[in-house]
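Survey of secondary and tertiary structure
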Amino acid sequence: MLTYILRRVLQTLVVIALLSYVVFTLMALMPGDPVEMMIASNPKITAEDIVRLREFYGLDQPAWKRYANWVGTISQGDLGYSRTYRVPVMELMGPRLLNTLILSVCALSFSLLVGITLGVLSALKPGGRLDSFFSVFSFAGISIPSFWLGIMLIIVFSVKLGWFPAGGTQTIGMEGASWYREFFDRGWYLVLPVMSLSIQQIGTFMRYARSAMMEVLRLDFIRTAKAKGLSRGRVLWKHAFRNALIPLITIAALSLSNVFSGAILTETVFSYQGVGKLVYDSIIANDFNVAMVSFIISVSMVLMMNLVADILYGFADPRISYS
Amino acid sequence: MQDSVVVSVRNLETSFFTKMGPVRAVNDVSYDIHRGETLGIVGESGCGKSVTSFSLMRLIEHPGRITGGQVLLQGRDLLQLPEARMEDVRGGEMAMIFQEPMTALNPVLTIGHQIDEQVLRHKKVTPKEARERSIEMLSLVGIPSPEERYHNYPHQLSGGMRQRAMIAMALSCDPVFLIADEPTTALDVTIQAQILELIQNLQQKFRMSVQFITHDLGVISEISDRVLVMYGGQMCETADTVELFNNPRHPYTAALIASRPKFGSRPHRLTTIEGSVPAPHELPPGCPFYNRCPRRLDECRVQRPPVSTIKPGHQVACFNPL
C-alpha cells in the first residue's frame, strides 16, 4: 500500500512537471509581455529602456531557458513576484488561497451531505412523489447558471430580507476580535457563496447517489440482508449504501477541483477575497508568476484528488488491493 | 402426524400489479411441511416457485403483493404479523438460502461480519459470543480453517465455499424451517452433490423442515420426501417422491419426467414438452397447461381443475389424470 502511494505520488509529480512546461510555453506564445504593459503606462520610455528591461526580466531569452530559471527559483521555495500587484506571489496568494479552500471545502461537504441523503431517499421509491420532486430540484440546480443564482441569492437574502451580507469575506475591523467572534463572522459571510456553489453540486451528487443506490438495491445480497431479519434502516445504510459509496468516492474527489474552479464565478459575484478572480486577472495582465502558481495548484489538485480517490477505493472496496 | 406440521400454506395468492394489469404469480397454492421433512417444489422458470418462497418470507417487492391466503409457521399466521415481528421471524425461525452464492453475499463485508450480524440480531449474545457462534457454524458446514475464513471477504472464497458460508449464516440462529431456493443451480456437479449432502445432514441433525426449490428433477428425487409440481403459478400435483416418480398422474408431471435424459440410452432427440410456458398475463382461464396438454378436454379450457385427492398423500389438479 505504501509503495503504491509513493509510486503514484512520484508519477503525479512527473505529470505536474511536464504539464507546467507545456503551460509555460503556451503562455510564452501569448501576445504581449509585461514590458509592453510598462510601455503602455509610461509614455517617456525609450527604446534603450525597453531593451534593458527585456534583458533585466530575461524576456530576451528563449522560453525553455526562462522555464529552467523559473523551475530553479521555485524549487528554492521562491514563488516569484507579482508584477501587477508588486508583492511576492506567496504573500499575495497565501491568504486568498486559504479563503478559496474554506469556501470550496464548505460547499463540497454541504453538497455531499445534502445531495447524497436526498439521492438515497429518492432511490427508495423511484418514480414516487419524493423522487419526482427531488428530480425537478436537481435538474433545476444543474441547469441554473451559478452567476445568476448568486445574484438572485443576494437580491432575496441580503437586499430584501437582509439576513446575510451581500458580499465580502469578513466584517472590516473584525481581525482583532476573539477567535470565535471572527469565526462566526466569517461563517456569516460564507453562507450565500456556499449556497450558490452547492446548489449545482447537490443536483449532481443527488443524481449519482440515486443511480448508484438504485443499482445496489437490485442486487441479491440486499435480499439476503432482508432475509436475515435486519431492519430496513440497517439494510439500507449498512448493506446498500456501503456499496453505493464506491462509485461516489471518485465523483466526490473529482468534484473538489470542479468546485474550486467554479469558485471563480461565485467569488466574483460575492466579491469574496479568494484566489479565483486573481487567477483570471493574472492571465489577462500577463502576470506569469501568479498564473503559473495558480495553474500548478489547480493541476495538482485534480491529480491529487484522483490519487485520494484511488486510495479511498482500496478502503471502501476490499476487492481492490494495491499490493 | 397432524401436530407435527411446521409450515402450513393455505390458498396462497400473490399478484404483481403491472402496467398490463394484475398478474397472479401464485394462485391458490396450499401445502404442509412436517417436522424434519423436505418438500421439493419443481417447475419451469416462471412457474411461481420462487415467488411462493418469497411470499413465505414476506419479501415480495413492489409491485407485487400477497393478495390472499395464510402462511402458518408453527400455528402462527405470518401474513398477519406486523413487519417488526416478521423481521424476528426472518433469519430466526425461518431462514433462506439463495441460488447465486456469488452475489448473495455482500462483497464489502467479511463473511464473519455477515454471520455475526444475524446472530446479534436474533440472539441475546455479546459480540464475542456471536463471533464464537459464527466460527462454530463455519466449521459445522465444513469450511476448513474457519477462524481465517471468518475474516475473509466473499470474493476470497470459491463458489462452493460461499454457498457453505450462506448455509452457515442461514442456520446460525437455529431455524425450524429452511427455504432453499435453487441452492445448487449455480454450482459444479461435484460441488452440487456436496452441498446437497450437507443440507441433508444438517437437516437431520437439527430436525428442520426444508422447502427445496429447483427445476432439476434429479436433485428433487435425491433430496425430497415429498414433491410439489407447479405450473403457471398453480399446483399440478403433490405426492411422496417415490410415488410421484413411479406413478405421475398429472400430464405435466408425466411429461417432465419423460423429458429427463436417461442414463445409458442415447436417443436421437431428447423428449420435450411442445410449446412454451404462457406469459403470466396470458394464462388461459382454465387449466394453465391447457395449450400444451396431450390429454386436454373441452372443460379444461374454461374451468380450472380443482385439486383432488387421488389416494392418501397424492393430490392432482386435473380433469383427465393418467
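Reading the values: rules and limits
Residues numbered from 1 in each chain as written. Chains lettered and ligands numbered in written order. Predicted model: local features only at pLDDT ≥ 70, side-chain atom pairs only at ≥ 80, totals over all residues. Heavy atoms only, no water. Helix = DSSP H or I, 4+ residues; strand = E, 2+ residues; numbered from the N terminus. Buried < 20%, exposed > 50% of the residue type's maximum accessible area, 1.4 Å probe, protein only. Pairing = 2+ DSSP bridges. Contact = heavy atoms within 4.5 Å. Expected span 1.5 Å × (residues − 1). Arc of directions from axis to C-beta. Salt bridge = Lys/Arg side-chain N within 4 Å of Asp/Glu carboxyl O. Polar contact = N/O pair within 3.5 Å; in protein donor to acceptor, adjacent residues only side chain to side chain. 1 Å grid on protein atoms, 1.4 Å probe; cavity = no way out; pocket = protein on both sides within 12 Å on 5 of 7 lines; lining within 4 Å. Points joined across faces, edges and corners; volume = space filled by probe spheres on them. Nonpolar A, V, L, I, M, F, W, Y, C, P; charged D, E, K, R; others polar. Buried area = accessible area lost by both parts, 1.4 Å probe.

1. Observations concerning the overall build of chain A
Secondary structure summary: chain A contains twelve helices and zero strands in total. Counted from the first residue to the last, chain A has its helices and strands arranged as α-α-α-α-α-α-α-α-α-α-α-α. Counting only C-alpha atoms, chain A reaches 85 × 55 × 40 Å along its principal axes. Across the 323 residues that make up chain A, the buried fraction comes to 42%.

2. As for the pairing of strand β3 (residues 38–42) of chain B
Residue and element names in this part refer to chain B. By the criterion of burial, β3 is predominantly enclosed, with five of the five residues buried. Residues of β3 alternate between two faces, with T38, G40 and V42 on one and L39 and I41 on the opposite face, all of them buried. One ladder, built from five bridges, connects β3 with strand β8 (residues 209–214); its direction is parallel. Bridge pairing links L39 to Q211 in β8. Here β3 runs beside strand β9 (residues 226–231); their pairing, made up of four bridges, is parallel. Each residue of the ladder has a partner; that of L39, found in β9, is R226.

3. What about helix α9 (residues 220–227) of chain A?
One turn of the α-helix equals 3.6 residues, which is why residues spaced by three or four share an orientation. All of the buried residues in α9(A) are F221(A), I222(A), T224(A), A225(A) and A227(A). For α9(A), the elements touching its buried residues are α8 (179–217) and α10 (232–269) of chain A together with α1 (49–57) and α6 (159–171) of chain B. Immediately downstream of α9(A), the backbone of G229(A) shows phi near 90 degrees, a positive value.

4. Here we look at helix α6 (residues 129–143) of chain A
All names here are of chain A. The terminal C-alpha atoms of α6, which comprises 15 residues, lie 21 Å apart, in line with the 21 Å expected from a rise of 1.5 Å per residue. Looking at α6, one finds that the buried residues are D131, F134, S135, S138 and G141. The buried side chains of α6 occupy one side of the element, clustering within an arc of 130 degrees when seen end-on. Away from the buried face of α6 by more than 90 degrees, exposed residues R129, F133, V136 and S143 are located.

5. Concerning the environment of K205(B)
Residue and element names in this part refer to chain B. Along the chain, the position of K205 falls in helix α7 (residues 189–206). On the accessibility criterion, K205 (55% relative accessible area) is exposed. Along the chain, K205 and V302 lie 97 residues apart, while their C-alpha atoms are 48 Å from each other.

6. Looking at the pattern of salt bridges
All names here are of chain B. Counting across every chain of the model gives 24 salt bridges over all chains. Between D88 and R85 there is a salt bridge, with the nearest N and O atoms lying 2.8 Å from each other. Of this pair, D88 and R85 both sit in helix α2 (residues 83–89), three residues apart, which is roughly one turn of that helix. The closest approach of N and O atoms between E243 and K311, which form a salt bridge, is 3.2 Å. Separated by 68 residues along the polypeptide, E243 in helix α9 (residues 241–246) and K311 in strand β11 (residues 308–311) bring together distant segments of the chain. When salt bridges that share partners are traced, they join K123, R133, E136 and D174 into one network.

7. Regarding the side chain of S122(A)
All names here are of chain A. One can find S122 in helix α5 (residues 89–124). Polar side-chain contacts of S122 include one of 3.1 Å to the backbone oxygen of G119. Apart from the residues within four sequence positions on either side, S122 is in contact with D131, F134 and R210.

8. Here's the deal with empty space enclosed by the protein
What the rule picks out here adds up to three cavities of 30 Å³ or more. Computed from the structure, the largest cavity encloses a volume of approximately 80 Å³. Forming the boundary of the largest cavity are Y231(B), Q234(B), M235(B), C236(B), H250(B), C287(B), P288(B), F289(B), R304(B), P305(B), V307(B) and A317(B). Top contributing element to the lining of the largest cavity by residue count: strand β10 (residues 234–240) of chain B, with three residues. A per-class count over the lining of the largest cavity returns nine nonpolar, two polar and one charged. Computed from the structure, the second largest cavity encloses a volume of approximately 60 Å³. When residues of the lining of the second largest cavity are traced back to their parent elements, those giving at least two are α9 of chain A together with β6 (94–97) and α6 of chain B. Among the elements that make up the lining of the second largest cavity, the one with the highest residue count is α6(B) (three residues). Each residue belonging to the lining of the second largest cavity can be placed in one class, and the counts come to seven nonpolar, two polar and one charged.

9. Describing the interface of chain B and chain A
Of the residues lining the interface, 26 residues belong to chain B; the matching set on chain A comes to 21 residues. Taking both sides of the interface into account, the surface hidden between chain B and chain A amounts to around 2000 Å²; carbon and sulfur atoms contribute 58%. Among the residues of chain B in contact with chain A, P107(B), V108(B) and E117(B) are the three that bury the most area, contributing 27% of the side total. Our count for the contact surface shared by chain B and chain A stands at three salt bridges. Salt-bridge contacts for R234(A) lead to E117(B); the nearest nitrogen and oxygen are separated by 3.0 Å.

The values reported here are purely geometric and, on their own, carry no functional implication.
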